[in-house]
Amino acid sequence: MSYAASLSEKLLAAAYKSNASDIHFYPVQDNANIYFRKQGKRILYQSIPLKQYELLLTYYKFTSGMDIGEIRKPQNGVFNHYTEDANYSLRLSTLPINHNESLAIRILPQEENLTLDRLFLFPKQINILKKWITNRAGLILLTGPTGSGKTTTLYALLKTILSESSYQAITLEDPIEKNMDDILQVQVNEKAGISYQVGLKAALRHDPDIIMIGEIRDKYTAQFAFDASLTGHLVLSTLHAKNAHGTVHRLLDMGLKVSDLRQSLIGVAALELLPLHLESIGQRRAAIMELLDGNSLDLAIQGKEINMEQYQSFDNLRKKALAYGFISEKVYHLPKT
């Protein structure tokens, strides 16, 4: 085993042991700082000499299929890493900085099957999600910032649906974050000509009951998702938005019609992860959700005021979590994302 490979093994083992979700490499002068993101917080793990980092960077770029000679453009890569106990998919991203490159690695455990019951804090909200997925046509949107659990929730929703009935399910992802049985998973690859638009058209020819779109990034993908939901498909997808109301505004800004939203949008769930303050369960995070459906969703689409008895904001949900002892005062007062 090469020096770089040996260094990588030690580093990844430490990250897995600490339940880190990401590793960040930040080269500064003669050293490179290595940070782990744990429970949403970025924590310095160690510093290594710059020459060691450059060896490590070259190893990671080669292993994940990047161009090791390209240092002027951002690159992305993926590779699988196996240990005696688990299998991980590592998603890598480089970014050119002053005469060097930074590196970020997202750690995606492949054998961790989180159910809906373990992902969310309040059972009533889980029941609403379960009600949404009983629809056989329409669009369900999960929103929130990067790292809020949107994709994990999508997988859990798919697993719940397929555990109850046999459906033809197709996903379009960039990249595929978790391999799932009994689902056709399509890797979006712009260089190979497989965009979300091309993939969606091809997916519809495979007679799907359910389509999962990893992310709605532009108005064309958004329109296609709505068109698919209007023609008898259940569509699940994600969108970057600050909260549930912001999701509706973003869709309208993309040029979607109010009539399309009212006809096909089943519900919007905006996610926020909270570190739990419970000694009995150890370190874990769970999500709270701003939920829009039914009458509250219709009012939001029309730009009308919502009865707050029908809608709970993140602030109200945080207060509830604090009152029940799920989170600490410190977590409650953290800046809102």
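Our subject is the structure listed above.
Residues numbered from 1 in each chain as written. Predicted model: local features only at pLDDT ≥ 70, side-chain atom pairs only at ≥ 80, totals over all residues. Heavy atoms only, no water.

Draft legend 1. Molecular detail of the overall build of the protein. On a plain count of helices and strands, the protein comes out with twelve helices and 13 strands. A compact globule built from 337 residues should have a C-alpha radius of gyration of about 20 Å, and the protein, at 21 Å, falls within 12% of that. Its C-alpha atoms give the protein principal-axis dimensions of roughly 60 × 50 × 40 Å. Taking all 337 residues of the protein together, 48% fall into the buried category. A separation threshold of at least 6 residues defines the contact pool for the protein, and within that pool the share at least 24 residues apart is 56%. As presented, the protein carries roughly 17,300 Å² of accessible surface, and 49% of it is formed by carbon and sulfur atoms. Across the protein, 37 positive and 35 negative side-chain charges occur, with their mean positions spaced 4 Å apart. (Helix = DSSP H or I, 4+ residues; strand = E, 2+ residues; numbered from the N terminus. Rg over C-alpha atoms; globule rule 2.2 N^0.38 Å. Buried < 20%, exposed > 50% of the residue type's maximum accessible area, 1.4 Å probe, protein only. Contact = heavy atoms within 4.5 Å. Areas by Shrake-Rupley, 256 points an atom, 1.4 Å probe, with all protein chains shown as cover. Lys, Arg positive; Asp, Glu negative; His and termini not counted. Charge placed at Lys NZ, Arg CZ, Asp CG, Glu CD.)

Draft legend 2. Spatial organisation of helix H5 (residues 150–164). Taking 1.5 Å per residue, 15 residues should reach 21 Å; H5 reaches 22 Å between its end C-alpha atoms and fits that length. When H5 is considered as a whole, its buried residues turn out to be Lys150, Thr153, Leu154, Tyr155, Ala156, Leu157, Leu158, Thr160 and Ile161. (Expected span 1.5 Å × (residues − 1).)

Draft legend 3. Up close: the packing of helix H6 (residues 196–204) against helix H7 (residues 219–230). Between H6 and H7, the least distance of the axes is 10 Å, while the angle of their chain directions is 15 degrees. In terms of axis orientation, H6 runs roughly parallel to H7. Between H6 and H7 lies a crossing whose hand is left-handed. Contacts from Tyr196, Gln197, Leu200, Lys201 and Leu204 of H6 reach H7 at Tyr220, Thr221, Phe224 and Ala228. Residues of the contact of H6 with H7, tallied by class, amount to six nonpolar, two polar and one charged. (Axes fitted to C-alpha atoms, helices over the stretch in contact; angles between N-to-C directions. Parallel < 35°, antiparallel > 145°, perpendicular 65-115°, else oblique. Left-handed = near helix turned anticlockwise from the far one by under 90°. Nonpolar A, V, L, I, M, F, W, Y, C, P; charged D, E, K, R; others polar.)

Draft legend 4. Spatial organisation of the sheet that holds strand S4 (residues 75–82). The antiparallel open sheet is built from six strands, whose spatial order is S3-S2-S1-S6-S5-S4. Two strands bound the open sheet, and with one partner strand each, they are strand S3 (41–49) and S4. Here the strands of the sheet are splayed against their neighbours by 20 degrees on average, with no regard to which way each runs. Of the pairings in the sheet, the one linking strand S1 (residues 22–28) to strand S2 (residues 31–38) comprises seven bridges and is antiparallel in character. Within the sheet, the bridge partner assigned to Asp22 lies in S2 and is Arg37. Against the sheet, helix H2 (residues 50–63) makes contact with S1, S2, S3, S4, strand S5 (87–97) and strand S6 (100–109), and its axis sits at roughly 55 degrees relative to S6, the strand it touches most. (Pairing = 2+ DSSP bridges.)

Draft legend 5. Spatial organisation of the nonpolar core. Leu251, Leu261, Leu265 and Leu292 are the most contacted members of the largest nonpolar core, which has 46 residues in total. No other element matches the five residues that H7 contributes to this core. Residues Leu116, Ile140, Tyr155 and Ala287 belong to the second largest nonpolar core, which totals 29 residues. (Core = buried A, V, L, I, M, F, W, Y, C linked by side-chain atoms within 4.5 Å.)

Draft legend 6. Quick peek at the side chain of Ser148. You can see Ser148 is positioned in the loop between strand S7 (138–143) and H5. Of the polar contacts made by the side chain of Ser148, one reaches the backbone oxygen of Pro145; its length is 2.7 Å. (Polar contact = N/O pair within 3.5 Å; in protein donor to acceptor, adjacent residues only side chain to side chain.)

Draft legend 7. The side chain of Ser264, seen in detail. The residue Ser264 is located in helix H9 (residues 258–264) in this model. By relative accessible area, Ser264 is classed as buried at 3%. A polar contact is formed between the side chain of Ser264 and the side chain of Ser229, at a distance of 3.4 Å. Beyond its immediate sequence surroundings of up to four residues, Ser264 is in contact with Gly138, Leu139, Phe226, Ser229 and Leu230.

Draft legend 8. Structural detail: the packing of helix H1 (residues 3–17) against H2. Running from amino to carboxyl end, H1 crosses H2 at an angle of 90 degrees, the nearest separation of the two axes being 9 Å. By the angle between their directions, the pair H1 and H2 is classed as roughly perpendicular. Residues Tyr3, Ala4, Ala5, Leu7, Ser8, Leu11 and Leu12 of H1 touch H2, and the partners they reach there are Gln52, Leu55, Leu56, Tyr59 and Tyr60.

Draft legend 9. Local environment of the sheet that holds S7. Sheet architecture is open: seven strands sit in the order S9-S8-S10-S11-S7-S12-S13, paired in mixed fashion. The sheet is open, and its two borders are formed by strand S9 (184–187) and strand S13 (285–293), each paired with just one other strand. Along the sheet, successive strands turn relative to each other by an average axial angle of 20 degrees, direction set aside. Bridge analysis of strand S12 (residues 265–275) against S13 gives nine bridges, and the strand direction is antiparallel. Among the inter-strand pairings, Leu273 is bridged to a residue of S13, identified as Ala287. Helix-sheet contacts for helix H10 (residues 294–301) involve S12 and S13, and the interaxial angle to S13 is about 70 degrees.

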